[in-house]
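Okay, here's what each chain looks like letter by letter:
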Amino acid sequence: MMTACGSQRRAGDVDEIREAGELRVVVRPGFSTAPSNGNGGFSEAALLAQLASRLDVQIRWIEAERHDHVLPMVRDGSADIGVVRFSPASLLMESIRATAAVDRVEDLLVAGRDSGLDSFDKVRGATVHLHRSSLTTSLRSFLSEEGLDVEEVPEEVPIEEMLRRVRTGRYDLTVVDSGIAEAERAARRMVIIGPVAERRSLVWAVREESPQLGLAIDRFFFADRVLSCLLYTSDAADELT
């Protein structure tokens, strides 16, 4: 069940989370908490639910009203974990740290299938629609070098709605990471023009003052990946026998 903003502030660590019996996760507008949430090639919602189970607490989903509200809610103790589509570089600020990588993604320029915009040569002079919170200096520079204009989208507009507007021709272009873009392309609704940056880690946000929670998340991912590797090795060995 998703709750709106307004969670009680509790800037504690794992002990306080266990005492309260809940892990509060603030997510971006439009984030689906369904087990297969369509937010990329895997389910962040399922991973977070597994993490809560590992900590022996319930998970409480909190949907932020705006993308740029997620980090302040983590920082002021209204939530324990923040989930947008963060890169480590986007979290280089006071009192916030990045977790271990949840996934590896590329940030991609995308257009609607019927737009006729299918290469960097064809998009010069077009407009890229983005949230201000996702506009880094390097991204602005890249888009400028490619002859693209930028128009900011209100922070309360979900990524999925931005993609719908691209598909229907209301927007020329936007930038999303490959986890989301590949799902759209698989449905034959999106054209991927190309990457706008190097491949990066996709991470969650926690407070610097919650080191045990950060460590618990990092260990969770380490254990999950070791188990996955062991299962893959075992399956491969079975195929050879």
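See the structure above.
Now for a quick tour of the structure. Please read these numbers as outputs of a predicted model, since none were measured by experiment. (Residues numbered from 1 in each chain as written. Predicted model: local features only at pLDDT ≥ 70, side-chain atom pairs only at ≥ 80, totals over all residues. Heavy atoms only, no water.)

Quick notes on the packing of aromatic side chains
To be explicit about the condition: By convention, a stacked pair of Phe, Tyr or Trp rings (six-membered ring in the case of Trp) has centres within 6.5 Å and planes under 30 degrees apart, an edge-to-face pair has planes over 60 apart, and any other such pair is tilted. Under the scheme used here, helices are H or I runs from DSSP no shorter than 4 residues and strands are E runs no shorter than 2 residues, and both carry numbers assigned from the N terminus. To sort residues, take the accessible area from a 1.4 Å probe on protein chains only and compare it with the maximum for the residue type: under 20% means buried, over 50% means exposed, and anything in between is partly exposed.
Overall, the coordinates contain four aromatic pairs when judged by the stated rule. On the basis of an interplanar angle of 35° and a centroid distance of 5.9 Å, the ring pair of Phe31 and Trp61 is categorised as tilted. Linking Phe31 in the loop between strand E2 (22-27) and helix H2 (44-54) with Trp61 in strand E3 (residues 58-63), this pair joins segments that are 30 residues apart in sequence. For Phe31, a relative accessible area of 4% translates into the label buried. Overall, Trp61 belongs to the buried group, its relative accessible area being 5%. In textbook terms, an aromatic cluster arises when at least three aromatic residues are bridged by ring pairs, as seen for Trp204, Phe220 and Phe221.

A few points about the pairing of strand E7 (residues 107-112)
To be explicit about the condition: Two strands qualify as a pair provided that DSSP identifies no fewer than 2 bridges between them.
The buried count for E7 comes to six of six residues, which makes it a mostly enclosed element. As paired strands, E7 and strand E10 (residues 173-177) are joined by five bridges and run antiparallel to one another. Looking at the pairing, Val110 lines up with Thr174 of E10. Pairing of E7 with strand E11 (residues 190-195), which is carried by five bridges, proceeds in the antiparallel orientation. Paired with Leu108 across the bridge in E11 is Pro195.

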